[in-house]
Amino acid sequence: MIKTMLRPRWLLALLLALAIAAAFALLGRWQLERAIASGEVVERSTETVLPLSDAVSPDGPPREAATGQLVTVDGSFVPGDDVLISERLNGGERGFWMVSRFETVATASVPVSTIAVARGWSATEAEVQAAIDELAAQAAGQQQTVTGRFVPSEAPAVPDSELDPRTQATVSTAALINQWTDFTDQSVYAGYIVDTDAVAGLTVIDSPVPGNDASVNWLNIFYALEWAVFAGFAVFLWYRLVRDDWERHQEQAAIDAAEAV
C-alpha cells in the first residue's frame, strides 16, 4: 500500500488534501479567535462625563462603546412633547417614566439635533402625568444643560391586549418621533439620556454603572470544531481513495493469478 501512496498522482492528491486541510484549519483558528475576542472584557471609562457629540453621533446607530456612557449636552426641552412610559423598574419597583424631547445646541460638527431624555420616575401614573402637565406649561427655548447616561434606543413593543393600545412601555426613538410635534427630518439620536436629576417632584431614575461582563461565544467554538473535523476528513478521504485503489489492484492481481493457473 505504501507503494500505491508514493505514486505521483496520489502524492499530488495528498498535497491537495493537505492544502484543503490547512485552509480549514485557518478557518477554525479564525473562529477560535472570534470566540476569544467576544469573551474579552473591554475596560471603558463610562463615568468620565463626555460631550454627547463626542460619545455618539445622530442619524445612525450608536457605537457599542457609547452604551452607558455619562454624557452632557446643552439645549432646551420642547414643552408638550413629553411621553409617559409604563412598566419601568426603579430599584426593583415597577412604575412609570417621564420622557421628554430635547433639542441640542448646534456645534461646529453637529447640527441642531433631537434626543429623548428620561427625566424622572414615579410608582403611580397620576404623578408622572401631573409632572407632564406642569412642564407642558413652561415657556419654550429655555437653555439648560442635561447630564446623564446614554442608552441606545429600545425596540417598539405592542402593549398587552387588556391595556390601552396607546400605552408605551419602551423608549423607542422610532415610536417617539411619531408623537413629537412638528418633527420632520431633523437629526435625531438613536437612543436616550437617563437624566441624573429629576423634575417636578419625580424620583431620580436608577442608572447603575454598566458592568463589564463577557461570555464565551460557544457558537464560534462549535464552528471551530467543525472546521477541525473537515480538515481531518480531507486527509481521511485521501487515505480512503488510496486504499480503494490499492484494493482494486490487489483484486485484479488475484484475478490475473487465477486466470494464469
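Here is what the cut-offs are and how they apply
- Residues numbered from 1 in each chain as written.
- Predicted model: local features only at pLDDT ≥ 70, side-chain atom pairs only at ≥ 80, totals over all residues.
- Heavy atoms only, no water.
- Helix = DSSP H or I, 4+ residues; strand = E, 2+ residues; numbered from the N terminus.
- Rg over C-alpha atoms; globule rule 2.2 N^0.38 Å.
- Buried < 20%, exposed > 50% of the residue type's maximum accessible area, 1.4 Å probe, protein only.
- Areas by Shrake-Rupley, 256 points an atom, 1.4 Å probe, with all protein chains shown as cover.
- Lys, Arg positive; Asp, Glu negative; His and termini not counted.
- Charge placed at Lys NZ, Arg CZ, Asp CG, Glu CD.
- Phe/Tyr/Trp six-rings, centres within 6.5 Å; stacked < 30°, edge-to-face > 60°.
- Lys NZ or Arg CZ within 6 Å of the ring centre and 35° of its normal.
- Patch = residues over 30% accessible without salt bridge, like charges linked within 9 Å, V, L, I, M, F, W, Y side chains within 5 Å.
- Salt bridge = Lys/Arg side-chain N within 4 Å of Asp/Glu carboxyl O.
- Contact = heavy atoms within 4.5 Å.
- UniProt positions renumbered as here; feature names shortened; annotations may be inferred.
- Expected span 1.5 Å × (residues − 1).
- Polar contact = N/O pair within 3.5 Å; in protein donor to acceptor, adjacent residues only side chain to side chain.
- Pairing = 2+ DSSP bridges.

1. Comments concerning the overall build of the protein chain
At step 1: A count of helices and strands for the protein chain gives six helices and six strands.
At step 2: Counting helices and strands in the order they occur from the N terminus, the protein chain gives α-α-β-α-β-β-β-α-β-α-β-α.
At step 3: Since a compact globule built from 261 residues should have a radius of gyration of about 18 Å, the 32 Å found for the protein chain marks it as more spread out than a globular shape.
At step 4: Each of the three principal axes of the protein chain carries a C-alpha extent, and together these read 115 × 50 × 35 Å.
At step 5: Across the 261 residues of the protein chain, 32% fall into the buried class.
At step 6: Of the roughly 15,200 Å² of accessible surface on the protein chain, a fraction of 59% belongs to carbon and sulfur atoms.
At step 7: Looking at the protein chain, you have 16 positive and 34 negative side-chain charges, and the mean spots of the two groups are 17 Å apart.

2. What to know about the packing of aromatic side chains
At step 1: Under the definition given, this model contains seven aromatic pairs.
At step 2: By way of ring pairs, the aromatic residues Phe24, Trp227 and Phe230 are connected into one cluster.
At step 3: Here Arg88 stacks its cationic end above the ring of Trp97, 4.1 Å away from the centre of that ring.
At step 4: Just above the ring of Phe77 sits the side chain of Arg119; from NZ or CZ to the centre is 3.5 Å.

3. Describing a nonpolar patch on the surface
At step 1: A cluster of nonpolar residues, Leu12, Leu15, Leu18 and Val235, forms a patch on the protein surface that exposes about 370 Å² of accessible area.
At step 2: Looking at the nonpolar patch, the element that brings in the most residues is helix H2 (residues 8–39), giving three residues.
At step 3: Structurally, the position occupied by Leu15 is in helix H2.

4. Examining the side chain of Arg88
At step 1: Among the structural elements, Arg88 can be located in strand S2 (residues 70–90).
At step 2: Arg88 gets classed as buried once you look at its relative accessible area, which sits at 10%.
At step 3: Setting aside its immediate chain neighbours within four residues, Arg88 contacts Glu93, Arg94, Gly95, Phe96, Trp97, Trp121, Glu154, Ala169, Thr170, Val171 and Tyr192.

5. What to know about the pattern of salt bridges
At step 1: The full count for this structure, using the stated rule, is eleven salt bridges.
At step 2: Between Arg7 and Asp245 there is a salt bridge, with its nearest N and O atoms 3.3 Å apart. In this pair, Arg7 sits in the loop between helix H1 (2–5) and H2 while Asp245 sits in helix H6 (residues 218–260), placing the two residues 238 residues apart along the sequence.
At step 3: Note on Arg7: relative accessible area 31%, which makes it partly exposed.
At step 4: For Arg149, the salt bridge identified is with Glu47, shortest N-O distance 2.9 Å. Residue Arg149 is found in strand S5 (residues 144–152), and its partner Glu47 is found in the loop between H2 and strand S1 (50–51); the two are separated by 102 residues along the sequence.
At step 5: On the basis of relative accessibility, which here comes to 7%, the residue Arg149 falls in the buried class.
At step 6: Here the salt bridges do not stand alone but share partners, grouping Arg7, Arg9, Asp245 and Arg248 into one network.

6. A word on the UniProt feature "transmembrane region" (unreviewed entry) in the protein chain
At step 1: UniProt records the feature "transmembrane region" (unreviewed entry) at residues 218–239, using the numbering of this structure.
At step 2: As annotated, residues 218–239 comprises 100% helix and 0% strand, and the C-alpha atoms at either end are separated by 32 Å.

7. Considering helix H4 (residues 125–136)
At step 1: Compared with an ideal rise of 1.5 Å per residue, which puts twelve residues at 16 Å, H4 spans 16 Å between its outermost C-alpha atoms and is within 8% of the ideal.
At step 2: Among the structural elements, S2, strand S3 (93–104) and strand S4 (113–122) are those in contact with the buried residues of H4.

8. Structural notes on the side chain of Ser76
At step 1: Tracing the chain through its elements places Ser76 in strand S2.
At step 2: What Ser76 contacts, discounting residues up to four positions off in sequence, is Arg101, Phe102, Glu103, Gly141, Gln142 and Gln143.

9. Description of H6
At step 1: Here H6 contains 43 residues, and its C-alpha end-to-end distance of 62 Å stays within 8% of the 63 Å for a straight helix at 1.5 Å per residue.
At step 2: What H6 keeps buried is the set Asn220, Ala224, Ala231, Ala234, Trp238, Val242 and Asp245.

10. A look at the environment of Thr196
At step 1: With respect to the helices, strands and loops of the structure, Thr196 is situated in the loop between strand S6 (187–195) and H6.
At step 2: By relative accessible area, which is 40% here, Thr196 ends up partly exposed.
At step 3: Filtering out sequence-adjacent residues up to four positions away, Thr196 remains in contact with Thr147, Gly148 and Val204.
At step 4: Polar contacts involving the side chain of Thr196 include one to the main-chain carbonyl oxygen of Thr147, which spans 3.0 Å.

11. Some remarks on the pairing of S5
Successive residues of a regular strand alternate their side chains across the two faces of the sheet.
At step 1: When S2 meets S5, the two strands line up antiparallel, connected through six bridges. Opposite Asp74, over in S5, you have Thr145 as the bridge partner.

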